[in-house]
Amino acid sequence: FMSHWLTSASLYSMCHVFGELRCLWPAWTVTACFVTAHYGILCLDIVPKPTATGFNLRMEKVVPFVPVIAVLGMSIDYSVLEPTPGWQAFIYFLSWICYFIQFAWAIRLYSLAAPMRKEREMQEQPGQPWSPIEWPLPPCFEDAIYMVSAPKSSEQTCLQQEMKA
């Protein structure tokens with residue numbers, strides 16, 4: 001999934017810039033680029049359709065900013081500040097916030113991708129997504145799933161003649 005790749009690429013780039021180059025501002029710049037791309041892709045990819053049973057906390061609006069929290073922690077860690085227990089505790093606190101957000105994102109992603117039975121038949125319209133009621137598709141991705149299904153009913157008995165029409 002692209003979300004995991006964008007988060008990991010941001011964290012990898014940030015760790016490389018801090019660990020190997022010992023630079024502060026390039027880490028923030030790289031992180032900002034990946035965060036912007038991540039947020040944009042999640043806004044385009046996920047159509048919010050809250051359900052009564054799912055995890056409805058919109059973590060897709062929060063999870064792209066995990067690398068910003070991480071780069072803040074690394075900026076403090078690699079800064080010229082005296083490494084006191086207070087600063088170390090603050091850095092650990094930031095890392096636990098990142099862990100919590102990633103865990104909540106995993107739950108939210110499972111909730112988004114879980115197949116659900118439809119309660120009513122969708123109206124068939126040309127050029128619009130449609131699937132039979134028997135197919136349990138995830139509702140948040142039903143506009144992004146490209147499956148070809150046969151029509152429910154047809155006047156033609158031959159599919160080749162129907163395609164010509």
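Look above for the structure.
Note that this is a predicted model, so its numbers are computed, not measured.

Another point: a nonpolar patch on the surface. Judged by side-chain polarity, L72, L81, W87, F90 and F93 come together as a nonpolar surface patch covering roughly 450 Å² of accessible area. With three residues, the top contributor of residues to the nonpolar patch is helix α4 (residues 85-113). Structurally, F93 is set in helix α4.

Let us now look at the nonpolar core. The biggest cluster of nonpolar side chains holds twelve residues, and these are L42, I46, M59, V63, V66, C98, I101, A104, W105, L109, L112 and C140. In terms of residue count, the dominant contributor to this core is α4 (six residues). In this structure, M14, V17, V71 and M74 belong to the second largest nonpolar core, which totals seven residues.

Below, the discussion takes up helix α3 (residues 66-77). The end-to-end C-alpha separation of α3 is 17 Å, in line with the 16 Å expected for twelve residues at 1.5 Å each. If you check which residues of α3 are buried, you get V66, P67, A70, V71, G73, M74, S75 and I76. Against the buried residues of α3 lie α1 (2-21), α2 (25-45) and α4.

Looking now at the side chain of S3. Mapped onto the elements of the fold, S3 is located in helix α1. Not counting residues up to four positions away in its chain, the partners in contact with S3 are H38, L42 and W105.

This part takes up the packing of aromatic side chains. The way to describe two aromatic rings as a pair is by their centre distance and the angle between their planes. For the coordinates displayed, the defined rule picks out five aromatic pairs. Both rings, one in Y39 and one in F65, keep their centres 5.8 Å apart while their planes meet at 50 degrees; by these two values the pair is tilted. Of this pair, Y39 sits in helix α2 while F65 sits in the loop between α2 and α3, and the two are 26 residues apart along the sequence. When its relative accessible area of 31% is taken as the criterion, Y39 is described as partly exposed. Summarising the aromatic geometry, the rings of W96 and Y99 are spaced 5.2 Å apart at their centres and angled 80 degrees between planes, so their arrangement reads as edge-to-face. Within this pair, W96 and its partner Y99 are both found in helix α4, separated by three residues, close to a single helical turn. As far as burial versus exposure is concerned, W96 and Y99 are alike and both exposed.

Each value, and the rule that gives it
Here, residues in each chain are numbered from 1, in the same order as that chain's written sequence. In view of the model being predicted, local features appear only for residues whose pLDDT reaches at least 70, and side-chain atom pairs are presented and counted only at 80 or more, with totals across whole chains, interfaces and linings using the full set of residues. For the side-chain quantities, the full set of heavy atoms in the structure was used; hydrogens and water were omitted. Every patch collects residues that have over 30% relative accessible area and no salt bridge, joining them within 9 Å if they carry like charges and within 5 Å if they are nonpolar side chains (Val, Leu, Ile, Met, Phe, Trp, Tyr). Per-residue accessibility takes into account occlusion by the displayed protein chains alone, with areas from the Shrake-Rupley method and a 1.4 Å probe. What counts as a salt bridge is simple: a side-chain nitrogen of Lys or Arg found within 4 Å of a carboxyl oxygen of Asp or Glu. The secondary structure listing takes helices from DSSP runs of H or I that are at least 4 residues long and strands from runs of E that are at least 2 residues long, numbered from the N terminus. Buried Ala, Val, Leu, Ile, Met, Phe, Trp, Tyr and Cys residues form a nonpolar core when they are joined through side-chain atoms within 4.5 Å. In this scheme, a residue with accessible area under 20% of its type's maximum is buried, one over 50% is exposed, and one in between is partly exposed, where area comes from a 1.4 Å probe on protein chains only. Under the convention used throughout, the expected extent of a helix is 1.5 Å for every residue step, that is, one less than its residue count. Whether two residues are in contact is decided by their heavy atoms, any of which lying within 4.5 Å being enough. Aromatic pairing here means that ring centres of Phe, Tyr or Trp (its six-membered ring) are within 6.5 Å. Orientation follows from the plane angle: under 30 degrees is stacked, over 60 is edge-to-face, and everything else is tilted.

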